[in-house]
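As a plain string of letters, each chain reads:
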Amino acid sequence: MPKTIKKLAVLTSGGDSPGMNAAIRAVVRTCAYHSVECLGVYRGYEGLIDADFKQMDARSVKGIINKGGTILKSARSKSFRTKEGRKKAFENLVAEGVDGLVVIGGDGSFTGALIFNEEFGFPVMGIPGTIDNDIFGTSHTLGFDTALNTVVDAIDKIRDTASSHNRLFFVEVMGRDVGHIALNAGIAGGAEEILIPEEDLGLDRLVDSLNKSRQSGKSSSIVIVAEGDKIGKNIFELKDYVDENMEGYDVRVSVLGHMQRGGAPSCFDRVLASRMGVKAVETILEYKSNYMVGLLNGKMELTPLDKAIKGKTKINLELLRVSDIMST
Ligand code: ATP
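Small disclaimer: the values here were computed from a predicted structure and weren't measured.

(A) Region of the structure containing the site of the ligand. Contacts to the ligand come from 18 residues, most closely from Arg 76, Ser 77, Gly 108, Ser 109 and Arg 176. For the ligand, a nitrogen atom lies 3.3 Å from a polar atom in the side chain of Arg 81. Interatomic distance of 2.4 Å between a side-chain N/O atom of Ser 109 and an oxygen atom of the ligand. The fraction of the free accessible surface of the ligand (610 Å²) that becomes covered by protein chains is 88%. Classifying every residue of the shell around the ligand by side-chain character gives 3 nonpolar, 10 polar and 5 charged.

This is how it looks when you write it as structure tokens:
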């Protein structure tokens, strides 16, 4: 660790998420507040290797708290996975007089940061930015809340057309190997069934459940399917299965896709990003390294990066039960 920290760098890496700009703003302004210089790094680790830098001051981040995406751009860098690439990145940071690095990204980005720290002893701090909410050590990742609102808005619109035509809709949402988006947005959107990777409902139970819904007088149904669900069929195969095994349903498929990553961050994500940015910078200024900042029980807490990477998030079983009861 340097004796005094005079300059920090910040980058966004991996998949973008709403709230990343608000986090950049918070990092830059916290640096300014503590009279520390701040260097913005474009295109994640790729920009670190190419020395694609921009000096940032408090005014340079005006007007971005409400913008989706990331003004620093993001990238997946193959070169940073190599020792030579990371050495170049280290040399560039040293040449710029940077004393610590704040990485806004997912677990892959944190893995890169940890390896970088192990090799060069360079202080690193992580801010979890991903819509999937799949990072251990925080109840909410940046962008999760915004993505939920986007998905619920889409489900509401799909519901309008589904009920007008007595249709069954399968709606696929993001989340990779976890069902946090599907479960929360499914409950909020009044889905009849929610298929998540953590719980294999099974095709028979799905058909049973849809039949029961119909018998109970429902004229339309929405089934939320997490992209990583384990039912063994993709969303189009599910449609075919229901077409073949259930009578009287007009089945449609809607894959929401990348629109879930975009849009203006919610109030929750803006506040979260601001808190995380302050905590990340102030932690590194206390000469701490290799931590991720997170929200736990309403407070900003630190989790060692290796735990954040290795730990698994758990699905909220109470929500599963609520969802079952609500689809009665
Ligand atoms: P998302 O959750 O949106 O996918 P992520 O941060 O997990 O975000 P990744 O593509 O997995 O996204 O990682 C981002 C970048 O971090 C990679 O492109 C690479 O540059 C770096 N990185 C990931 N794993 C490693 C590793 N084992 N060694 C060095 N760098 C890595």
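Moving on from the coordinates now.
(B) Structural context of the UniProt feature "binding site: ADP" (unreviewed entry) in the chain. Per the UniProt entry, the sites bearing "binding site: ADP" (unreviewed entry) are Arg 25, Ala 26, Val 27, Val 28, Arg 29, Arg 159, Gly 190, Ala 191, Glu 192, Lys 218, Ser 219 and Ser 220 in this numbering. On the basis of their most widely separated C-alpha atoms, the annotated residues across 196 residues do not gather in one place, lying as much as 52.5 Å apart. Mapping Val 27 onto the fold places it in helix α1 (residues 20–33). Ignoring sequence-local partners within four residues, the contact set of Val 27 consists of Val 10, Cys 38, Val 102, Ile 127, Gly 277 and Val 281. Inspection of the secondary structure puts Arg 159 in helix α5 (residues 144–164). Not counting residues up to four positions away in its chain, the partners in contact with Arg 159 are Gly 189, Gly 190, Ala 191, Glu 192, Ser 220 and Ile 222.

(C) Fine view of the sheet that holds strand β4 (residues 100–105). Taken together, the 7 strands give an open sheet; going across it, the order is β3-β2-β1-β4-β5-β10-β11, and neighbouring strands pair in mixed fashion. Every interior strand has two partners, whereas the edge strands, β3 (53–56) and β11 (299–304), have only one. The sheet shows a mean angle of 30° between the axes of neighbouring strands, taken without regard to direction. Note that strand β2 (residues 37–41) and β3 share 4 bridges and pair antiparallel. When the bridges of β3 are listed, Leu 39 appears paired with Gln 55. Along the sheet face, helix α4 (residues 107–120) touches β4, β5 (124–128) and β10 (291–296) and points at about 175° away from the line of β5.

(D) A look at the pairing of strand β1 (residues 7–12). The buried fraction of β1 amounts to 6 of the 6 residues, a majority that puts the element mostly inside the structure. Pairing of β1 with β2 involves 5 bridges; the strand directions are parallel. By the bridge assignment for β2, Val 10 is matched with Gly 40. Read from β1 through α1 to β2, the crossover connection turns out right-handed. Pairing geometry for β1 and β4, over 5 bridges, is parallel.

(E) Geometry of the sheet that holds strand β7 (residues 193–195). Read across the open sheet, the 4 strands follow the order β7-β8-β6-β9; overall the sheet is parallel. Both outer strands of the open sheet, β7 and β9 (250–255), are each paired with one neighbouring strand and no more. Along the sheet, successive strands turn relative to each other by an average axial angle of 20°, direction set aside. Two strands pair when backbone bridges link them, and strand β6 (residues 167–173) and β9 are joined in this way by 6 bridges, in the parallel orientation. The residue bridging Phe 169 from the neighbouring strand is Arg 252, located in β9.

Calculation criteria
Residues numbered from 1 in each chain as written. Predicted model: local features only at pLDDT ≥ 70, side-chain atom pairs only at ≥ 80, totals over all residues. Heavy atoms only, no water. Near = heavy atom within 4 Å. Polar contact = N/O pair within 3.5 Å; in protein donor to acceptor, adjacent residues only side chain to side chain. Areas by Shrake-Rupley, 256 points an atom, 1.4 Å probe, with all protein chains shown as cover. Nonpolar A, V, L, I, M, F, W, Y, C, P; charged D, E, K, R; others polar. UniProt positions renumbered as here; feature names shortened; annotations may be inferred. Helix = DSSP H or I, 4+ residues; strand = E, 2+ residues; numbered from the N terminus. Contact = heavy atoms within 4.5 Å. Pairing = 2+ DSSP bridges. Axes fitted to C-alpha atoms, helices over the stretch in contact; angles between N-to-C directions. Buried < 20%, exposed > 50% of the residue type's maximum accessible area, 1.4 Å probe, protein only. Right-handed = clockwise from strand over helix to strand, strands pointing away.

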